[in-house]
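Survey of secondary and tertiary structure
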Amino acid sequence: GHGDAGGDPVNEVPWAAQAGYPLLATLQCLPLAGAALLAIMREKDLALVLGRFCAGVELAVAVDLYARIESATSLLQFAERIELVAYHAAVDGVSVLFILLTALLGVLLSFYGMARQQVPPAHLLSVLLLAEASQMTMLTTMNLLWFSAASALQLALVGYLLWRWATQREESLALVRFLQYQLFGWCLFLAGSVVLVWSQADAGSGRWSFDLFDLLQSPAIGKYQSAAFYLMFYGLAVRTPLFPLHGWLPNAAGYGLIAVAPVLLLGVKVGVYGMARFLLPLTVEAVIVWQPYVVAFAMVGVFFAAVMAFRQANLRRLMAFAVVSHTSLIVIGLFSLHPAGLQGALLLAVNFGLGITVMLFMVGYVYRRTGTTRLDRLGGLFDRVPFIALAFLVGGLSLLGMPGTPGFDAVHLVLEASIETFGALPTIATALGNVAAAGFLLWAFQRAFLAPRPREVPVARIARTRPLEYLVGGATLIVLLAAGFWPEPWLQLTENATQALAGYFHHE
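Presented here is an overview of the structure given in this document. The shown structure was predicted, so the numbers you read here are calculated from the model rather than taken from an experiment. For every chain, the first residue of the written sequence is number 1, and numbering continues from 1 onward in sequence order. Under the rules for a predicted model, residues below a pLDDT of 70 receive no local features and side-chain atom pairs below 80 are neither given nor counted, while totals for whole chains, interfaces and linings still include all residues. As a rule here, side-chain values come from all non-hydrogen atoms in the structure, and water together with hydrogens is ignored.

**Some words on the overall build of the protein chain**
Counted only if it meets this: Under the DSSP-based scheme used, a helix requires at least four consecutive residues in state H or I and a strand at least two consecutive residues in state E, with every element numbered from the N terminus. Only protein chains enter the accessibility calculation, which uses a 1.4 Å probe; a residue whose area is less than 20% of its type maximum is buried, one above 50% is exposed, and one in between is partly exposed. By definition, residues are in contact when any of their heavy atoms lie within 4.5 Å. The method behind every accessible area is Shrake-Rupley, applied with a 1.4 Å probe, and residues are considered shielded solely by the protein chains displayed.
Counting its secondary structure elements, the protein chain contains 19 helices and three strands. Residues counted as buried form 60% of the 508 residues belonging to the protein chain. Taking all contacts inside the protein chain whose residues are at least 6 apart in sequence as the whole, residues at least 24 apart take part in 83%. Of the accessible surface of the protein chain, which amounts to about 18,700 Å², a share of 66% is contributed by carbon and sulfur atoms.

**Considering the side chain of His338**
The condition is simple: Contacts described as polar in this section are N or O atom pairs within 3.5 Å, which, within protein, must combine one atom able to donate a hydrogen with one able to accept it, while residues neighboring in sequence count only if both atoms come from side chains.
Following the sequence through the fold, His338 ends up in the loop between α13 (315-334) and α14 (339-370). Accessibility expressed as a relative area gives 14% for His338, which makes it buried. Among the polar contacts made by the side chain of His338, one reaches the main-chain amide nitrogen of Ala340 at a distance of 3.0 Å. A polar side-chain atom of His338 sits 3.1 Å from a polar atom in the side chain of Glu420. In contact with His338, not counting residues within four places along its chain, are Ala417, Glu420, Thr421, Ala502 and His506.

**Quick notes on the packing of aromatic side chains**
This is how it is decided: A pair of Phe, Tyr and Trp rings is counted when the ring centres sit within 6.5 Å of each other, with Trp represented by its six-membered ring. The angle between the planes then sorts it: under 30 degrees is stacked, over 60 is edge-to-face, the rest tilted. Our definition puts a charge over a ring when NZ of Lys or CZ of Arg is within 6 Å of the ring centre and also within 35 degrees of the ring normal.
For the structure on display, the rule yields 20 aromatic pairs. Taking the centre distance of 5.5 Å and the plane angle of 50° together, the rings of Phe392 and Phe449 count as tilted. Within this pair, whereas Phe392 is found in helix α15 (residues 386-399), its partner Phe449 is found in helix α17 (residues 424-450), the two being separated by 57 residues in sequence. Neither Phe392 nor Phe449 differs from the other in exposure class; each is buried. Three or more aromatic residues joined by ring pairs make a cluster, and in this case those are Phe229, Tyr230, Phe233, Tyr234, Trp290, Tyr293 and Phe335. Between Arg316 and the ring centre of Tyr367, over which it is positioned, the NZ or CZ distance is 5.1 Å.

**Overview of the pairing of strand β3 (residues 87-91)**
To keep it simple, the criterion reads: Only when DSSP finds a minimum of two bridges between them are two strands counted as paired.
Counted residue by residue, β3 has five buried out of five residues, so it is predominantly covered. Burial of β3 is two-sided: the residues Tyr87, Ala89 and Val91 facing one way and the residues His88 and Ala90 facing the other way are all buried. Across four bridges, the pairing between strand β2 (residues 76-82) and β3 is antiparallel. Bridged to Gln77 within β3 is Val91. Hairpin remark: β2 followed by β3, antiparallel, with four residues in the connecting loop; positive phi at Ala86, about 55°.

**Here we look at the environment of Pro454**
One can find Pro454 in the loop between α17 and α18 (467-485). Pro454 gets classed as buried once you look at its relative accessible area, which sits at 15%. Considering only alpha carbons, one finds Pro454 and Leu378, 76 residues apart in sequence, at a separation of 7.0 Å. The contact partners of Pro454, leaving out residues within four places of it in the chain, are Asp376, Arg377 and Leu378.

**Digging into the pattern of salt bridges**
Counted only if it meets this: Each reported salt bridge corresponds to a side-chain nitrogen of Lys or Arg within 4 Å of a carboxyl oxygen of Asp or Glu.
The full count for this structure, using the stated rule, is four salt bridges. Note that Arg277 and Asp92 form a salt bridge whose closest N and O atoms lie 2.9 Å from each other. Highlighted residues: Arg277 in helix α11 (residues 270-282) and Asp92 in the loop between β3 and α3 (93-112), separated in sequence by 185 residues. Taken as a pair, Arg277 and Asp92 share a single burial class, namely buried. Of the charged contacts, one joins Arg466 and Glu469 as a salt bridge, the two residues approaching to 3.5 Å between their closest N and O atoms.

**Quick look at the environment of Leu101**
Mapped onto the elements of the fold, Leu101 is located in helix α3. Its relative accessible area of 4% is what places Leu101 among the buried residues. Sequence separation between Leu101 and Val479 is 378 residues, and the spatial gap between their C-alpha atoms is 10.0 Å. Not counting residues up to four positions away in its chain, the partners in contact with Leu101 are Gly267, Val268, Val350, Gly353 and Leu354.

Printed below as a string of structure tokens:
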């Protein structure tokens, strides 16, 4: 039967057996409570302290979850259920990896976003905490409807950020594109979920349930499964964003609140997580049929985005295409359906989250100093802000999977799985795409930080790096490099969960 390789995924361990308190409910409710308090708060300094405190406690709860999880089993753990509202949460090693990343980014954003004084801190922090709560719900829920609802809330919050604090006149276009794509993607995912549930109710149970475990017990058949796969895959691919569904990203990255909105969307790859948690196990037959097509698109995406990146005059748009190029690599890993590829793809998603976050933060700091992210207006920044330049460079190198960053092992796993599954040629092509990405990221670094400074903006007017910027950049880099030099805990954490996922496709 399904899942022989990794044990039966339907078993789960209730939270009471492992922790003295409902851990997953705490992860979801704590930021909500913080956001509610901030919404009624008028005192600016107190709001800052409270917002950062909430983000810090959330990170502590996430670390506690990591300390308690049994990574030696593929069972879902810390299960919590409230039948009345179809609330059903549980986690495995993969969820914990993404939860830790979300909590860490929550803390970093609470420090990063406040350096721009024109934004009321209580307001921005409450939006951030709400977004974090919705993210935690997506990462812990076992219910497609809850996942969709939390996703809708988060997209609405990011749309609100783009609308409220965008930086230029073109932002209305960015907002329109963002809403068009994301609404469309969200509706597709929901429609796919409904097709799955309807086909199951039709097949005999007569009962509508959006719960993952109920749906796994009698998978959809034939044409229903293909339809559900199509709808859900495209819905998640818009979110991820995967070529050719990435059209919203260059605009949103170019004009949004410089780092806050993009980090919320790109820092944690919820689309990739959704594919691993729901799409692959629920539409196994359709995944096997469509696998070659998905991978072919992803391979085209690696190159297309690299070519587009070289043509950008704006550093933020260039980074948007870097994201699209690298996301394709993650999807190739996921759709190798191979234990190493799945594990590599999920680790890569987290590595890109950290790498792109550090780069977005540094670009934000450059923008605060120069008022521009146009490459022809930048240059000569290395002498004034060497730390910001180096942090940007390390973030870029981690995207490329340089040794010493967590991407190194992850890319290795993806390429290894790709050779076994698709053969040498497609794998070499993918690796070359990664080399092209190295080219455009290093080119951007050279243009922005090392090239001679344009005459009209004297270098001496550029402020030195501030303590808060050292804190945010330094903390991200420390986590990135620590995870790169000690990858074992993350490999152990995700191994059994990814083996169980691969078990759907490789029957032992």
